[in-house]
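Fold and geometry: a report
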Number of protein chains: 2
Amino acid sequence: MTDTAPRPTLEAVAARAGVSRATASRVVNGGDGVREPLVARVRRAVEELGYVPNQAARSLVTKRHDAVAVVIAEPETRVFADPFFALQLRGISKELTAHDNQLVLLLTEGRDDHARVGRYLAGGHVDGALVFSLHLDDPLPGLIHHAGVPTVFGGRPGWSDGRGGAVYVDSDNRGGAREAVRHLAALGRTRIAHITGPLDQTSAADRLDGFRDVMGDIDPGLVVESDFTPAGGERAMRRLLERHPDVDAVFAANDLTAAGALRVLRERGRRVPEDVAVIGFDDMVAVAEQTDPPLTTVRQDIEEMGRLMARLLLRRLGNKGVEAGRTGTPSSVVLPTTLVRRASA
Amino acid sequence: MTDTAPRPTLEAVAARAGVSRATASRVVNGGDGVREPLVARVRRAVEELGYVPNQAARSLVTKRHDAVAVVIAEPETRVFADPFFALQLRGISKELTAHDNQLVLLLTEGRDDHARVGRYLAGGHVDGALVFSLHLDDPLPGLIHHAGVPTVFGGRPGWSDGRGGAVYVDSDNRGGAREAVRHLAALGRTRIAHITGPLDQTSAADRLDGFRDVMGDIDPGLVVESDFTPAGGERAMRRLLERHPDVDAVFAANDLTAAGALRVLRERGRRVPEDVAVIGFDDMVAVAEQTDPPLTTVRQDIEEMGRLMARLLLRRLGNKGVEAGRTGTPSSVVLPTTLVRRASA
DNA sequence: CGGCCCGGTGAGAGCGCTCTCGAATCGTGA
DNA sequence: TCACGATTCGAGAGCGCTCTCACCGGGCCG
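Residues numbered from 1 in each chain as written. Chains lettered and ligands numbered in written order. Predicted model: local features only at pLDDT ≥ 70, side-chain atom pairs only at ≥ 80, totals over all residues. Heavy atoms only, no water.

On to the nonpolar core, then. Note that soluble globular proteins tend to have their nonpolar side chains buried in a common cluster. One finds A:V70, A:L105, A:L130, B:V70, B:L105 and B:L130 to be the most contacted residues of the largest nonpolar core, which totals 52 residues. When residues no more than four places from it in sequence are discounted, the contact partners of A:V70 are A:L89, A:I92, A:L103, A:V104, A:L105, A:L106, A:L130 and A:F132. Within the second largest apolar cluster, 36 residues are counted, among which are B:A73, B:L106, B:V126 and B:A129. (Core = buried A, V, L, I, M, F, W, Y, C linked by side-chain atoms within 4.5 Å. Buried < 20%, exposed > 50% of the residue type's maximum accessible area, 1.4 Å probe, protein only. Contact = heavy atoms within 4.5 Å.)

Below, the structure is given as structure tokens:
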């Protein structure tokens with residue numbers, strides 16, 4: 001219990017099974033090329049001794065770790081207010097454990113942490129990395145690329161340099177936004193506004209693009225930049241009502257923003273959806289189902305994104321068991337979104 | 001970039017600095033007992049070569065991994081709908097990285113996973129574990145104890161067996177509940193009800209105990225068991241109104257439940273807080289600030305809980321740098337809660 | 001019937017690091 | 001001045017594992 005009984009080694013297993021260490025090793029790693037009776041004997045010895053391979057010794061020679069890092073770079077507390085990463089983590093975790101890989105979590109905040117993470121990844125402690133880095137000016141992708149660690153990004157990284165080599169998994173922010181706005185238009189709304197997210201994040205920028213795809217060149221006053229927070233949503237909605245008292249629909253860049261907007265609308269006596277229809281983005285149920293009225297929103301399958309990220313990475317690492325892609329490096333994936341109709345639009 | 005340049009070894013550093021591998025090792029690990037000029041030379045060599053110690057080789061001999069597992073055992077999706085674990089993880093992460101420890105995340109769902117986790121921990125891949133296991137009947141604590149891995153629990157584990165040896169960090173659920181109920185009483189409420197959480201979780205049970213501490217032996221119909229979800233809160237509130245139409249205050253076991261209750265109250269035309277005062281628990285801002293009216297609730301410092309868990313574990317692992325506890329195994333810690341007054345009570 | 005090939009097995013060389021131990025160096029007190 | 005203790009450094013033995021390579025035996029072809 002408390003005192004650490006010395007763990008049995010491969011040597012011990014071999015001795016007990018009456019074979020060499022080499023043969024024992026072969027059996028432990030699949031048993032190819034070992035005749036049945038011996039396989040059985042080794043297996044039994046493993047069982048009886050409760051042998052578990054020493055991972056450190058193993059990776060010392062194989063140079064593999066069967067571990068991948070998940071880097072979540074978010075200076076802002078905001079992120080933790082939504083279950084986004086939690087769900088993504090769950091998807092990642094499922095896929096990784098299904099292929100016997102460990103998940104090393106790296107949370108960063110602040111610039112100094114970037115260096116630390118870069119050093120860690122460059123240190124070769126993990127076979128690859130899954131990185132969430134949503135800001136345009138983030139130095140992390142560069143550091144990681146420099147470190148030469150196989151990486152898959154969560155969300156399209158907004159690199160300025162020309163290389164399109166980055167593999168990422170993203171949801172169809174632009175398409176989802178289009179669908180939302182089209183829905184508002186189909187409802188007969190004509191003064192449709194958009195409260196954006198921080199435009200240095202590709203997801204926010206893409207949603208704005210989708211909005212513009214449908215609306216064309218509209219009064220720029222109908223687009224208000226915000227920051228993905230409820231408070232920001234409130235501010236933006238207030239400004240919107242000042243500039244355009246006749247607004248009859250709002251597409252908010254995420255659910256939190258929409259919740260803030262809803263509150264201001266109620267406070268100003270506007271009925272939702274009768275006077276103003278509102279659509280959010282994300283489908284964070286804890287928020288979208290709690291608003292008054294419940295929020296119509298664009299859902300993205302967050303857990304699936306995580307699973308996919310892990311799968312792409314493992315494939316790239318040449319992990320057996322993962323169905324092989326056609327050839328070489330797998331390419332990025334963009335997942336579809338769906339409109340979830342509740343009461344607000 | 002793609003091809004893995006062979007990482008420099010200690011041997012290389014030693015050669016470049018003109019010292020032995022042993023001395024280079026000493027410098028890398030603090031440099032005690034090495035004279036200044038040599039220290040400087042080795043440091044420079046490390047710098048120039050970009051040397052990073054091979055962790056696998058190191059732990060092969062030290063039998064330490066400088067890594068701890070974080071086990072989150074939650075079959076239910078519910079958990080991921082709140083930022084509870086995210087915040088806790090952040091606290092844990094901060095403390096661990098401050099002491100150069102890695103965080104290996106183990107997410108489980110379903111019984112079979114338990115065995116996997118047990119095997120992993122027993123496999124000696126990590127130095128210790130931080131475990132969130134909130135259910136009374138959870139086999140995990142037993143498995144872990146059996147594996148002999150130093151562990152700190154998040155939340156008081158509800159063990160039936162007699163051993164009080166488990167170290168845990170919890171918030172003062174009972175005290176917080178008392179404060180909430182006293183607040184309601186101070187408001188002049190007399191028909192105070194409680195919507196509980198799942199009573200197989202110690203946090204829910206403790207909150208109920210706190211409620212009883214203040215209310216004494218009341219009409220059992222004023223206590224309704226629920227499940228920490230908004231939908232459950234709605235159901236419970238409905239039942240409550242049927243049985244006790246005269247209820248004038250509700251203490252909900254968490255914010256999500258309170259949100260559900262609020263919705264039912266509004267739907268039934270009860271004004272909050274005029275007719276019925278409502279208090280939640282947790283202070284999940286994303287929820288508590290969004291409800292109508294904003295929710296009065298009991299806050300627990302979740303991030304601090306995480307940080308503390310990590311600190312206790314590191315101390316127990318004899319990690320230098322962590323201020324030493326007085327003697328031996330540190331004991332559990334219960335963190336205070338605070339009442340956050342918003343509009344609902 | 002002999003040589004050859006081939007699948008199955010074991011011996012042994014490291015992987016990169018820490019740590020013990022003895023050698024070398026330096027100072028100090030008598 | 002010389003012995004002796006303290007300090008600093010290097011040589012070398014592993015930690016537990018994988019993997020190459022040589023070895024051995026039996027089946028098959030010539």
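Okay, the side chain of B:H99 next. Note that B:H99 resides in the loop between α5 (84–98) and β2 (102–108). Within polar-contact distance, the side chain of B:H99 engages the backbone oxygen of B:E95 at 3.1 Å. (Helix = DSSP H or I, 4+ residues; strand = E, 2+ residues; numbered from the N terminus. Polar contact = N/O pair within 3.5 Å; in protein donor to acceptor, adjacent residues only side chain to side chain.)

Bringing the sheet that holds strand β8 (residues 249–252) of chain B into the picture now. Residues and elements named next belong to chain B. Taken in spatial order, the 6 strands of this open sheet run β7-β6-β8-β9-β10-β12, and their pairing is mixed. Edge positions in the open sheet fall to β7 (223–224) and β12 (337–340), since each of these has one partner strand only. Pairing analysis gives 4 bridges linking strand β6 (residues 192–195) to β8, with the strands arranged parallel. Within β8, the position partnered with A193 by the bridge is V250. Sheet strands in contact with helix α8 (residues 173–186) are β6, β8, β9 (277–282), β10 (296–300) and β12, and its direction is about 165 degrees off that of β9. The sheet strands contacting helix α9 (residues 202–215) are β6, β7, β8, β9 and β10, and the helix crosses β6 at an angle near 170 degrees. (Pairing = 2+ DSSP bridges. Axes fitted to C-alpha atoms, helices over the stretch in contact; angles between N-to-C directions.)

Residue and element names in this part refer to chain B. Turning to its location among the elements, R316 is positioned in helix α13 (residues 302–316). Residue R316 is classed as partly exposed on the basis of its relative accessible area, which comes to 35%. Separated by 165 residues in sequence, R316 and T151 place their C-alpha atoms 8.8 Å apart.

What follows concerns the protein's contact with DNA strand C. Inspection of the region around DNA strand C gives 27 residues, with A:T23, A:R35, B:L10, B:S25 and B:Y51 positioned closest. Contact distances for DNA strand C include 2.9 Å between a base nitrogen and a side-chain N or O atom of A:R26. One of the side-chain nitrogen or oxygen atoms of B:Y51 is found 2.4 Å away from a phosphate oxygen of DNA strand C. It is helix α4 (residues 55–62) of chain B that provides the largest number of residues to the surface near DNA strand C, a total of 5 residues. Tallied by class, the residues present in the surface near DNA strand C amount to 13 nonpolar, 8 polar and 6 charged. (Near = heavy atom within 4 Å. Nonpolar A, V, L, I, M, F, W, Y, C, P; charged D, E, K, R; others polar.)

Looking now at the relation of the copies chain A and chain B. Relative to chain B, chain A is turned by 180 degrees and slid 0.1 Å along the rotation axis, the superposed coordinates differing by an RMSD of 0.2 Å. Taken together, the rotation and translation relating the two chain copies correspond to the operation of a two-fold axis. Looking at chain A, 98% of its interface residues are interface residues in chain B too, so the copies touch through the same face. (Least-squares fit on C-alpha atoms with pLDDT ≥ 70 in both.)

Residues and elements named next belong to chain A. Relative orientation of the contacting elements helix α1 (residues 10–17) and helix α3 (residues 36–49) amounts to 125 degrees, with a least axis distance of 8 Å. In terms of axis orientation, α1 runs oblique to α3. As α1 packs across α3, the resulting crossing turns out to be right-handed. Facing A12, V13, R16 and A17 of α1, the residues of α3 in contact are R41, V42, A45, V46, E48 and L49. Each residue belonging to the contact of α1 with α3 can be placed in one class, and the counts come to 7 nonpolar, no polar and 3 charged. (Parallel < 35°, antiparallel > 145°, perpendicular 65-115°, else oblique. Left-handed = near helix turned anticlockwise from the far one by under 90°.)

At the interface, 47 residues of chain A touch 46 residues of chain B. Contact between chain A and chain B buries roughly 4100 Å² in total, counting both sides, with carbon and sulfur atoms accounting for 57%. Our count for the chain A to chain B interface comes out at 2 salt bridges. Of all the elements in the fold, those that place two or more residues in the side of chain A that touches chain B are α4 (55–62), α5 (84–98), β2 (102–108), α6 (111–122) and α11 (255–267) of chain A. Looking at the side of chain A that touches chain B, the element that brings in the most residues is α5(A), giving 7 residues. Looking at side-chain class alone, the side of chain A that touches chain B contains 22 nonpolar, 14 polar and 11 charged residues. (Buried area = accessible area lost by both parts, 1.4 Å probe. Salt bridge = Lys/Arg side-chain N within 4 Å of Asp/Glu carboxyl O.)

With that settled, the discussion passes to the packing of aromatic side chains. Under the definition given, this model contains 4 aromatic pairs over all chains. Relative to B:F132, the ring of B:F85 lies with its centre 5.2 Å away and its plane at 80 degrees, an arrangement referred to as edge-to-face. Placement of the pair is B:F85 in helix α5 and B:F132 in strand β3 (residues 128–132), with a sequence separation of 47 residues. Accessibility assignment for this pair places B:F85 and B:F132 in one class, buried. A cation sits over an aromatic face here: A:R207 above A:F281, 3.8 Å from the ring centre. (Phe/Tyr/Trp six-rings, centres within 6.5 Å; stacked < 30°, edge-to-face > 60°. Lys NZ or Arg CZ within 6 Å of the ring centre and 35° of its normal.)

What follows concerns the environment of B:G188. Residue and element names in this part refer to chain B. Structurally, the position occupied by G188 is in the loop between α8 and β6. When its relative accessible area of 51% is taken as the criterion, G188 is described as exposed. Between the C-alpha atom of G188 and that of A249, which follows or precedes it by 61 residues, the distance is 9.7 Å.

Right, let's get into the protein's contact with DNA strand D. Taken together, the neighbourhood of DNA strand D is formed by 27 residues, with A:L10, A:S25, A:Y51, B:T23 and B:R35 sitting nearest. Across the atoms of DNA strand D situated within 4 Å of the protein, the share located in sugar and phosphate is 65%. Within the contact set of DNA strand D, a phosphate oxygen lies 3.5 Å away from a backbone nitrogen or oxygen of B:G33. Measuring from a sugar or linking oxygen of DNA strand D, one finds a side-chain N or O atom of B:K63 at 3.4 Å. Class assignment for the residues of the surface near DNA strand D results in 13 nonpolar, 8 polar and 6 charged.

The next subject is helix α10 (residues 230–243) of chain B. Residues and elements named next belong to chain B. The terminal C-alpha atoms of α10 lie 20 Å apart, and with 14 residues this matches the ideal 20 Å at 1.5 Å per residue to within 8%. When we look at burial in α10, the residues that qualify are P230, G232, G233, E234, A236, M237, L240 and L241. Contact partners of the buried residues in α10: β6, β7, β8 and α11 (255–267). (Expected span 1.5 Å × (residues − 1).)

A pair can form between side chains of opposite charge whenever their charged atoms are brought close. Residue and element names in this part refer to chain A. Within the structure shown, the criterion is met by 54 salt bridges over all chains. R178 is paired through a salt bridge with D213; the nearest N and O atoms lie 2.6 Å apart. Here the residue R178 occupies a position in helix α8 (residues 173–186), and D213 occupies one in helix α9 (residues 202–215), the gap between them amounting to 35 residues. According to the relative accessible area criterion, R178 is partly exposed, its value standing at 26%. Look at the salt bridges and you will find they share partners, linking R90, K94, E303, E304 and R307 into a network.

All names here are of chain B. The interhelical angle for the contact between helix α1 (residues 10–17) and helix α2 (residues 21–28), taken along N-to-C directions, is 105 degrees, at an axis separation of 8 Å. Regarding the angle of α1 to α2, the classification is roughly perpendicular. Two secondary-structure elements touch here, α1 through L10, E11, V13 and A14 and α2 through R21, A24, S25 and V28.

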